[in-house]
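The chain contents come next:
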Amino acid sequence: KIYEMIQKNGAVTTSHLVEIFGVSIETIRRDLMNMEQNGQLSRVHGGAVAKGNMKPFLDLEERNKEYSKEKENLALKAVEFISEGDIIGIDAGSTAVFLAEAIRKRFSKLTVITYSLDVFQILCESFSAILCGGQYKQKENAFYGPLALDTIEKLHIQKMFLCPSAVSLEHGICDYQSELFQVQRQ
């Protein structure tokens, strides 16, 4: 049944499968792990995707060059939701870098909270910037782990801008970076 759902929809979320089948999250994870080992799907954080539909995950440097026009358009749309003086949070990743550049050009007074070293470096000279430290994931230029989670928990963010690997209105958010997913959730 899970395989049929993935073939039909391209992806499923773990939480949706738990709800549909009325089983524990551990049961779903074991089933997805077995299906992945059999080559039926690829697991991603928060669920699974059809084997043929998943793009290979590129390094941040390569992703910064990919789909630049689309990322720029997303960034321009996102800044419409920001007001001068806001306290905002910005995710890590290539789309977050485009958002930081758009913010730097448009605003003069913001407080920015991020766990992305790239976003911090773009915005720290122009705005009040808070970098949530912790364990460092070099390939993503981002921080994660208990220290980052504790910092975010203690702060008040008016508006948060997440940039996950994939978003589905039907299946929710999926991300390749399991360490960063916890920080996104916080």
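Everything discussed here concerns the structure shown above.
1. Quick look at helix H1 (residues 2-9)
Okay, step 1: Within the span of H1, buried status applies to Ile-2, Met-5 and Ile-6. Seen end-on, H1 carries its buried residues on one side only, within an arc spanning 95°. Of the residues in H1, the exposed ones pointing more than 90 degrees away from the buried face are Glu-4 and Lys-8.
Okay, step 2: Each element contacted by the buried residues of H1 is listed here: strand S1 (11-13), helix H2 (14-21), helix H3 (25-37), strand S2 (41-44) and strand S3 (47-50).

2. So, the sheet that holds S3
Okay, step 1: Taking strand neighbours across the sheet as the criterion, the three strands line up as S1-S3-S2 in an open arrangement whose pairing is antiparallel. Sheet topology places S1 and S2 at the edges, where each strand pairs with a single neighbour. Adjacent strand axes in the sheet meet at a mean angle of 20°, parallel and antiparallel pairs treated alike.
Okay, step 2: In terms of strand pairing, S2 meets S3 through four bridges, oriented antiparallel. Across the sheet, residue Ser-42 finds its bridge partner in S3, namely Val-49.
Okay, step 3: H3 rests against S2 and S3 of the sheet, and its axis sits at about 135° to S2.

3. With respect to the pattern of salt bridges
Pairing between side chains becomes possible if they bear opposite charge and their charged atoms approach one another.
Okay, step 1: Evaluated as defined, the whole model comprises six salt bridges.
Okay, step 2: Of the charged contacts, one joins Glu-36 and Arg-43 as a salt bridge, the two residues approaching to 2.8 Å between their closest N and O atoms.
Okay, step 3: Its relative accessible area of 28% is what places Glu-36 among the partly exposed residues.
Okay, step 4: On the basis of relative accessibility, which here comes to 36%, the residue Arg-43 falls in the partly exposed class.
Okay, step 5: Its salt-bridge partner being Glu-80, residue Lys-77 comes within 3.1 Å of it at the nearest N-O pair.

4. A few points about the pairing of strand S5 (residues 111-114)
Okay, step 1: Of the pairings in the sheet, the one linking strand S4 (residues 87-90) to S5 comprises four bridges and is parallel in character. Across the sheet, the residue bridging to Ile-87 is Thr-111, located in S5.
Okay, step 2: Regarding the hand of the β-α-β motif, the stretch spanning S4, helix H6 (residues 94-106) and S5 is right-handed.
Okay, step 3: Pairing analysis gives four bridges linking S5 to strand S6 (residues 128-131), with the strands arranged parallel. Note on S6: the bridge partner recorded for Thr-111 is Ser-128.
Okay, step 4: Following the chain from S5 across helix H7 (residues 117-123) to the adjacent parallel S6, one finds a crossover that is right-handed.

About the cut-offs
- Residues numbered from 1 in each chain as written.
- Predicted model: local features only at pLDDT ≥ 70, side-chain atom pairs only at ≥ 80, totals over all residues.
- Heavy atoms only, no water.
- Buried < 20%, exposed > 50% of the residue type's maximum accessible area, 1.4 Å probe, protein only.
- Helix = DSSP H or I, 4+ residues; strand = E, 2+ residues; numbered from the N terminus.
- Arc of directions from axis to C-beta.
- Contact = heavy atoms within 4.5 Å.
- Pairing = 2+ DSSP bridges.
- Axes fitted to C-alpha atoms, helices over the stretch in contact; angles between N-to-C directions.
- Salt bridge = Lys/Arg side-chain N within 4 Å of Asp/Glu carboxyl O.
- Right-handed = clockwise from strand over helix to strand, strands pointing away.

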